[in-house]
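# Structural overview for review
Residue-level listing of the chains:
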Amino acid sequence: MDSIKFGESTVASGKIGGIMDTGTSLIYGPQESIMTMALQLNGQFVPQVQLFMIECNVEIPDLTFKIGGGEYTIPGTELMIQDDSGMYCFLSLAMMDFGEGIADAELDTDQEQEQGERIMNEEEEQVVAEEVVQDIKTKTIGDKPVTPIPSGYDIWLVGDLFLRHTYTIFDFGEERVGFATLKKD
């Protein structure tokens, strides 16, 4: 990916890696980028759902991904999830957490302990997170790493919210992905 814009603001540029995932509904990005966008909308992080609650009547800017020189835009009107009651709305962009930790997302440990679930303390969570990240970095299939994104890149996990706005070709033989803009009606 070349860059990502939220309205007129560039929220990511430089070293950006993208994972296209047809099994994911939302778009996940680095904590700093997602928080920047959510705070522009006065979003409040809700740890129970790991999303930012926003006003249902807020105008959300379009989200544009520049990939290989082409621009692919998700209309701001599609970046909101509304609950069944119609009272609560959430930004459909979430923070991807690869062990960095989300400071405001700590669980209510008393409630969890009442339910009989084991809670890891912060030190245990950090150790597990570091082990998972190290495991991902060292795993290979043959001579290729499991993750095709080199160290030092911002990672974005892009799901159906993006993919339904593009024609996407997965070329496994040549190990590449291609995109084209869908024809407008």
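Right above here is the structure, for reference.
As a starting point, this report considers the structure included with it. (Residues numbered from 1 in each chain as written. Predicted model: local features only at pLDDT ≥ 70, side-chain atom pairs only at ≥ 80, totals over all residues. Heavy atoms only, no water.)

A few words on the pattern of salt bridges. In total, this model carries three salt bridges according to the counting rule given. Where Glu78 meets Arg164, a salt bridge forms, and the shortest distance between an N and an O atom there is 3.8 Å. Of this pair, Glu78 sits in the loop between β8 (70-74) and β9 (80-82) while Arg164 is found in the loop between α4 (160-163) and β15 (166-171), placing the two residues 86 residues apart along the sequence. A salt bridge links Asp171 to Arg176; its shortest N-O distance comes to 3.1 Å. With a relative accessible area of 53%, Arg176 lands in the exposed category. (Salt bridge = Lys/Arg side-chain N within 4 Å of Asp/Glu carboxyl O. Helix = DSSP H or I, 4+ residues; strand = E, 2+ residues; numbered from the N terminus. Buried < 20%, exposed > 50% of the residue type's maximum accessible area, 1.4 Å probe, protein only.)

This part is about the sheet that holds strand β2 (residues 9-13). Ordered by their spatial adjacency, four strands build an open sheet running β2-β1-β7-β8, and the pairing between neighbours is antiparallel. The two strands at the open ends of the sheet, each matched to only one other strand, are β2 and β8. Going across the sheet, the axis of each strand differs from the next one's by a mean of 20 degrees, ignoring polarity. Of the strand pairs in this sheet, strand β1 (residues 3-6) and strand β7 (residues 63-67) are connected by four bridges, and their pairing is antiparallel. For Ile4, the partnering residue across the bridge sits in β7 and is Phe65. Lying on the sheet, helix α1 (residues 31-40) is in contact with β1, β2 and β7; it crosses β2 at an angle near 165 degrees. (Pairing = 2+ DSSP bridges. Axes fitted to C-alpha atoms, helices over the stretch in contact; angles between N-to-C directions. Contact = heavy atoms within 4.5 Å.)

So, about the nonpolar core. By size, the foremost hydrophobic cluster in this structure holds 32 residues, and its most contacted members are Ile27, Phe65, Trp156 and Phe162. Beyond its immediate chain neighbours, meaning those up to four positions away, Ile27 contacts Leu63, Phe65, Ile74, Ser92, Leu93, Ala94, Trp156, Leu157, Val158, Gly159, Leu161 and Phe162. By size, the runner-up hydrophobic cluster in this structure holds five residues, among which are Leu26, Val46, Leu51 and Ala94. (Core = buried A, V, L, I, M, F, W, Y, C linked by side-chain atoms within 4.5 Å.)

All right, on to the sheet that holds strand β3 (residues 16-20) then. Taking strand neighbours across the sheet as the criterion, the four strands line up as β3-β14-β4-β11 in an open arrangement whose pairing is mixed. At either margin of the open sheet sits one strand with a lone partner, and together these are β3 and β11 (93-95). Strand after strand, the sheet turns through a mean of 20 degrees between neighbouring axes, direction not considered. Where strand β4 (residues 27-29) and strand β14 (residues 154-158) come together, two bridges link them in antiparallel fashion. Among the inter-strand pairings, Ile27 is bridged to a residue of β14, identified as Val158. Sitting on the sheet, α1 is in contact with β4, β11 and β14, with an inclination near 135 degrees to β11.

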